[in-house]
Structure formats: structure tokens, C-alpha cells
Amino acid sequence: MKAEYGILNEREQMIILRLYRVNKEVVKTSLLNLVPNSYSLDKYLDHLKEYNLINIREEKVIRRTFYISITKKGYAISRQLEYIQELLKMNFDDFNIDPSFSGDNGTVYEINNHNNGKNYAKFVCLPIQAWQIFACFVGQSWNKISTET
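Definitions and cut-offs
Residues numbered from 1 in each chain as written. Predicted model: local features only at pLDDT ≥ 70, side-chain atom pairs only at ≥ 80, totals over all residues. Heavy atoms only, no water. Pairing = 2+ DSSP bridges. Helix = DSSP H or I, 4+ residues; strand = E, 2+ residues; numbered from the N terminus. Contact = heavy atoms within 4.5 Å. Axes fitted to C-alpha atoms, helices over the stretch in contact; angles between N-to-C directions. Phe/Tyr/Trp six-rings, centres within 6.5 Å; stacked < 30°, edge-to-face > 60°. Buried < 20%, exposed > 50% of the residue type's maximum accessible area, 1.4 Å probe, protein only.

What follows deals with the sheet that holds strand β2 (residues 54–60). Taken in spatial order, the three strands make up an open sheet running β1-β3-β2, and their pairing is antiparallel. The sheet terminates laterally at β1 (26–27) and β2, the two strands that pair on one side only. In this fold helix α1 (residues 10–22) packs onto β1, β2 and β3 (64–70), with an angle of close to 80 degrees to the strand it touches most, β3.

Given below as C-alpha cells:
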């Protein structure tokens with residue numbers, strides 16, 4: 001999907017993951033190896049800044065230098081991207097999605113690995129008249145996603 005729809009494209013994800021992994025302010029030119037040219041880099045950085053995922057600081061000493069750092073919002077999104085990359089590397093034949101509780105108020109599902117017994121995620125399906133609410137537990141926090149049905 002394209003960035004015009006508010007979704008980060010692959011290059012923008014690579015940029016924000018680099019900033020997450022480095023976890024400090026970097027010179028803009030150090031990100032050039034992730035993109036085809038400096039015009040593209042500027043476009044990607046502008047989009048990330050528009051969504052408040054990065055900070056751009058300009059400094060003039062001998063020439064203009066731009067420093068890029070990740071925001072708290074960008075850090076949170078990067079952690080989720082890192083988690084997704086981790087999941088992509090796993091063998092999902094070992095995973096099952098099991099209903100652990102079901103009742104009138106909804107069903108709790110768990111995603112776990114039966115080989116190592118590790119529980120990776122939980123999500124809850126709660127039917128409420130015209131709305132269906134899903135809560136997804138990943139890591140240490142619950143994320144609530146509402147979708148109209």
C-alpha cells in the first residue's frame with residue numbers, strides 16, 4: 001500500500017527501524033544507504049515527520065547538517081515493527097490459536113507455541129450490538145481495535 005493512505009511504506013519502515021536500533025540522533029546522510037537518492041530520503045523523512053514519528057534538527061556550522069531522531073510515538077511503532085519481523089522469522093507450524101475462554105461476553109483467544117510453551121499474544125472478541133471490539137495483548141500492553149460490522 002502507498003504512503004498516501006497513511007501507511008508506512010517499506011523504505012519508511014526501514015528508516016524508522018534503523019533509528020530505533022541505533023537509538024540516538026543520526027546525521028541525515030547516514031540514512032542514504034536505505035533509499036535510492038537524497039530526493040527520496042527527503043520525501044520519506046517528511047512523511048515520517050508529518051506523522052510525528054521522527055524529529056529533524058538543522059544545525060549550521062560550516063554547512064547545513066540535519067540530525068534525525070526518533071520520537072516516543074516512532075519508538076512505540078518501531079517496537080511493533082521489530083516484533084513483527086521477529087514473528088516472520090518463526091516457524092508458524094508450531095503455533096496454534098486456541099480459545100482459552102468463551103462466554104456470553106465474548107471469547108479470549110491465545111496464540112502460543114506448543115514446542116516451547118511460550119504465550120505470544122492474546123486477543124478478545126467482544127460482540128456489542130452494531131460494533132465488534134477486539135482487544136489484542138502483545139508483550140506488556142493491551143491494544144483496543146474497534147471495527148464496525
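Let us now look at the environment of E25. Mapping E25 onto the fold places it in the loop between α1 and β1. Leave out the neighbours within four places in its chain, and E25 touches R57, Y67, I68 and S69.

Quick look at the packing of aromatic side chains now. This structure, assessed with the given rule, holds one aromatic pair. Taking 5.0 Å as the distance between ring centres and 50 degrees as the angle between the ring planes, the aromatic pair formed by Y20 and Y75 counts as tilted. With Y20 in helix α1 and Y75 in helix α3 (residues 72–89), this pair connects stretches of sequence that are 55 residues apart. Of the residues examined, Y20 reaches a relative accessible area of 18% and is grouped as buried.

Moving on, we get to the pairing of β2. Both β2 and β3 contribute to a ladder of seven bridges, which runs antiparallel. Following the sheet pairing, I56 is matched in β3 by I68. Hairpin connection of β2 to β3: three residues between the antiparallel strands.

A few words now on unusual backbone geometry. With a phi angle near 55 degrees, N23 is a residue other than glycine that sits in the positive phi range. Here N52, not a glycine, exhibits a phi torsion of approximately 60 degrees, which is positive. Counting through the fold element by element, N52 comes out in the loop between α2 (38–50) and β2.

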